[in-house]
Amino acid sequence: TIRSESDNILSAVLQIMKEHPEIELVNVEGHTDNKGNAAANKTLSRNRAAAVAKWLVSHGIDKGRLASAGYGQERPIDSNDTEAGRQNNRRVEFHIVDKKAAPAVPETKAPKGVRAGVKVPAAPAKKK
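To keep things clear, this report deals only with the structure shown in the data block. Only a predicted model underlies this, so the values are computations on that prediction, with no experimental measurement involved.

### Re the overall build of the protein
- Helices and strands together make up the secondary structure of the protein, namely three helices and four strands.
- Listing the helices and strands of the protein from first to last along the sequence gives α-β-α-β-α-β-β.
- Within the protein, counting contacts between residues at least 6 apart in sequence, those at least 24 apart form 73% of the total.
- For the protein, the accessible surface area stands at approximately 7300 Å², while carbon and sulfur atoms represent 53% of it.

What follows is the structure, given as structure tokens:
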């Protein structure tokens, strides 16, 4: 589920991609905090990234310009010791990839040729 508070950021990414066809590839990366099972977090992060990529495609971006990957809890940007830090770690990032420098993103390491990143708050995981 994409939260309504992400609409402005997603709309801005959409506009930039529409106005700049020279941006040939954007990698959409999903991330989580360290709560819960690592394998489940990996799946959750993949689903987050895929949902954002799907949103962009549904709003007119060619799917060939997007790649998505989920990294789970592997790449925190903040401490997982506080709720604020965990919230920062639950995110989706956009990375413009220079296709001449590297192929699309493998899930084991960061993409080469990254020029920019944008943080989008992620929806919290649904409780079962």
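Picking up after the structure, the text goes on.
### Things to note about the pairing of strand β2 (residues 66–70)
- Summarising burial for β2: four of the five residues are buried, a large majority.
- Across five bridges, strand β1 (residues 26–31) lies against β2 in parallel orientation. Paired with N27 across the two strands is A67, which belongs to β2.
- Crossover connection from β1 via helix α2 (residues 38–58) to parallel β2: handedness right-handed.

### Points about the pairing of strand β3 (residues 91–97)
- When you tally the buried positions in β3, you get six out of seven residues, the bulk of the element.
- In this structure, β1 lies alongside β3, joined through six bridges in antiparallel fashion. Residue pairing across strands places N27 opposite H95, the latter belonging to β3.

### Brief notes about the pattern of salt bridges
- All told, the structure shown has six salt bridges when counted by the stated rule.
- In this structure, the salt-bridge partner of E5 is R3, at a minimum N-O distance of 3.5 Å.
- In this structure, the salt-bridge partner of K42 is E74, at a minimum N-O distance of 2.6 Å. In this pair, K42 is assigned in helix α2 and E74 in the loop between β2 and α3 (83–89), connecting sequence segments 32 residues apart.

### Focus: the packing of aromatic side chains
- Per the stated rule, a full pass over the model turns up zero aromatic pairs.
- Over the aromatic face of Y71 sits the side chain of R75, whose NZ or CZ is 3.8 Å from the ring centroid.

### Observations concerning the environment of K54
- By the secondary structure assignment, K54 is in helix α2.
- Considered as a pair, K54 and S68 are 14 residues apart in the sequence and their alpha carbons are 9.8 Å apart.

### With respect to the side chain of R91
- Residue position: R91 is located in strand β3.
- Taking relative accessible area as the criterion, R91 reaches 1% and is therefore assigned buried.

Procedures and definitions
- Residues numbered from 1 in each chain as written.
- Predicted model: local features only at pLDDT ≥ 70, side-chain atom pairs only at ≥ 80, totals over all residues.
- Heavy atoms only, no water.
- Helix = DSSP H or I, 4+ residues; strand = E, 2+ residues; numbered from the N terminus.
- Contact = heavy atoms within 4.5 Å.
- Areas by Shrake-Rupley, 256 points an atom, 1.4 Å probe, with all protein chains shown as cover.
- Buried < 20%, exposed > 50% of the residue type's maximum accessible area, 1.4 Å probe, protein only.
- Pairing = 2+ DSSP bridges.
- Right-handed = clockwise from strand over helix to strand, strands pointing away.
- Salt bridge = Lys/Arg side-chain N within 4 Å of Asp/Glu carboxyl O.
- Phe/Tyr/Trp six-rings, centres within 6.5 Å; stacked < 30°, edge-to-face > 60°.
- Lys NZ or Arg CZ within 6 Å of the ring centre and 35° of its normal.

These figures come from the coordinates and say nothing about function on their own.
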